[in-house]
Amino acid sequence: MPNPFLAKKEYIIPYAAVWILIAGIHAAVLYFFSERLLLEASVDALIFNIILAGLGLSVWYAIRYYDSSNSTALDTLLYHLVTGTVALTVWLASGYFLVRISLPDFESYREFLNESMPWRGISGLLVYSLMVLVYYLYINLENAKEQRKKQDELQLQVREAEIDRIKAQINPHFLFNSLNSVSSLTLTSPEGAREMLVKLSSFLRYSLEFKENELTNLSDELDHIEQYLAIEKVRFGKRMQPDIQYGDDCKDFRLPNMILQPLFENAIKHGVYESTDPVEIKTHIRKEGDILRISLFNTFDPEAPPRKGKGIGLRHVANRLSLVYQLDNLMHVDKADNTFTVTLIIPQITIS
């Protein structure tokens, strides 16, 4: 950790300005109240305050490299009494020597200098104490800032790990279903199995390419969904009738990649699987200010026995949205009559 007053140029100038002001006040006090000559007052103020400003910078290193974490309060106090005494001795001795050399013919000033040494020592002690407090405050603030940064990084790593875990659970679920379908098609339709494998390969390539990229454009996500639906179309044919509607103003909207696939998986599982009639899977996407509203509707047979399942896909979508955007209630589910509706609300914000 560098000296805070030397680390940046914008800190050096205020530090120098403060000491110039102190030197000016010092000279004015000597000139007006101690009745010293202007030359005496100016030389005295410049020499003593320039040395004290330099020692103020050096105090940082005495603090920075002192391990106070393994020391008691008494040890720290004694340490600063010793370093303070050394610093003040160096300051007074060097200042005294330099002003005597600079003003050799001013007898009355030499008498004043000798008499003023005690109050100079007191003022120097106050300055030293103030510098120590300033430096310790700075160190504590920097340590707190570093601690917050580490906590934020840890939370980010935990959040990314949780998202990766969710995605890892979603992808094998789809792959398992697809390979089962390919296995069935090899007996009934070898060409269909071949077509499905080609589409599955393209689909998985997208998943791998975007593994480290958490956000993607809506247009890219919909291209991915088209591949997914093409794979399922091989299995279900006319029984599945998807319809996706969206405006051009939505194409560049950012959203988590592969967030829509579980919604279509759910619609197919509880709609197409359970019906022998054509099932509509409609998707309406519209932009509403700074949010993207995605609604997916699928019809189902209310009299058909429900398929067994734990609702992992939808629950993972809700969890993932909460982790990415740090907001709750971004997914809403509604089941009425013979229509099942899932709505996602995607905020347009920058995700770190």
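Just so it is clear, the structure is predicted and the values come from calculations on it, not from any experiment. (Residues numbered from 1 in each chain as written. Predicted model: local features only at pLDDT ≥ 70, side-chain atom pairs only at ≥ 80, totals over all residues. Heavy atoms only, no water.)

Trainee: If you had to explain the sheet that holds strand S2 (residues 240-246) to someone new, which residues and values would you point to?
Mentor: Overall, mixed pairing links the 5 strands, which are arranged S2-S4-S5-S7-S6 in an open sheet. The open sheet is flanked by S2 and strand S6 (331-336), the only strands paired with a single partner. Direction aside, neighbouring strands of the sheet carry axes that sit 15° apart on average. By the bridge criterion, 9 bridges tie strand S5 (residues 291-299) to strand S7 (residues 339-347) in an arrangement that is antiparallel. Residue pairing for S7: Arg293 is matched across the bridge by Ile345. The sheet contacts of helix H7 (residues 218-236) involve S2, strand S4 (279-288) and S5, and relative to S2 the element is tilted by about 170°. (Pairing = 2+ DSSP bridges. Helix = DSSP H or I, 4+ residues; strand = E, 2+ residues; numbered from the N terminus. Axes fitted to C-alpha atoms, helices over the stretch in contact; angles between N-to-C directions. Contact = heavy atoms within 4.5 Å.)

Trainee: Residue-level account of a nonpolar patch on the surface, with values.
Mentor: Together, Leu21, Ile25, Val29, Tyr31, Phe32, Phe33 and Leu38 line one region of the surface with nonpolar side chains, adding up to about 790 Å² of accessible area. It is helix H2 (residues 9-32) that provides the largest number of residues to the nonpolar patch, a total of 5 residues. Turning to its location among the elements, Phe32 is positioned in helix H2. (Patch = residues over 30% accessible without salt bridge, like charges linked within 9 Å, V, L, I, M, F, W, Y side chains within 5 Å. Areas by Shrake-Rupley, 256 points an atom, 1.4 Å probe, with all protein chains shown as cover. Salt bridge = Lys/Arg side-chain N within 4 Å of Asp/Glu carboxyl O.)

Trainee: Quick one: what's the story with the environment of Pro347, residue by residue and with numbers?
Mentor: Along the chain, Pro347 falls in strand S7. By relative accessible area, which is 9% here, Pro347 ends up buried. Taking C-alpha positions, Pro347 is 7.7 Å from Tyr325, a pair spaced 22 residues apart along the chain. The residues touching Pro347, leaving out its near neighbours within four places in the chain, are Phe253, Asp290, Ile291, Tyr325, Leu327 and Leu330. (Buried < 20%, exposed > 50% of the residue type's maximum accessible area, 1.4 Å probe, protein only.)

Trainee: Tell me about the packing of aromatic side chains, and please be specific about residues and values.
Mentor: All told, the structure shown has 8 aromatic pairs when counted by the stated rule. Ring geometry for Trp60 against Tyr138: centres 5.9 Å apart, planes inclined by 70°, an arrangement best described as edge-to-face. Here Tyr138 lies in helix H5 (residues 107-188) and Trp60 lies in helix H3 (residues 38-64), a separation of 78 residues in the sequence. One aromatic cluster is present, formed by Phe5, Tyr15, Trp19, Trp60, Tyr135 and Tyr138 through successive ring pairs. Seen from the ring of Phe48, Arg120 lies directly overhead, with NZ or CZ sitting 4.2 Å from the centre. (Phe/Tyr/Trp six-rings, centres within 6.5 Å; stacked < 30°, edge-to-face > 60°. Lys NZ or Arg CZ within 6 Å of the ring centre and 35° of its normal.)

Trainee: Requested: an account of the side chain of His26, with residues and values cited.
Mentor: Relative to the helices and strands, His26 resides in helix H2. Assessed through its relative accessible area of 16%, His26 is described here as buried. A polar contact is formed between the side chain of His26 and the side chain of Asp44, at a distance of 2.9 Å. Within the structure, the side chain of His26 is placed 3.0 Å from the side chain of Asn49, a separation counted as a polar contact. (Polar contact = N/O pair within 3.5 Å; in protein donor to acceptor, adjacent residues only side chain to side chain.)

Trainee: Now, about the nonpolar core: what can you tell me, with residues and values included?
Mentor: Leu260, Phe264, Leu321, Leu344 and Ile346 are the most contacted members of the largest nonpolar core, which totals 45 residues. For this core, the element with the highest residue contribution is H7, accounting for 7 residues. For Ile346, the residues in contact, after removing those within four places along its chain, are Phe253, Arg254, Leu255, Asp290, Ile291, Leu292, Ile294, Leu321 and Tyr325. Membership of the second largest hydrophobic core comes to 32 residues, among which are Leu88, Val99, Tyr128 and Val132. (Core = buried A, V, L, I, M, F, W, Y, C linked by side-chain atoms within 4.5 Å.)

Trainee: Before we move on, can you summarise the side chain of Glu221 with the specific residues and values?
Mentor: Tracing the backbone through its elements, the reader meets Glu221 in helix H7. From its side chain, Glu221 meets the backbone nitrogen of Met258 in a polar contact 2.8 Å long.

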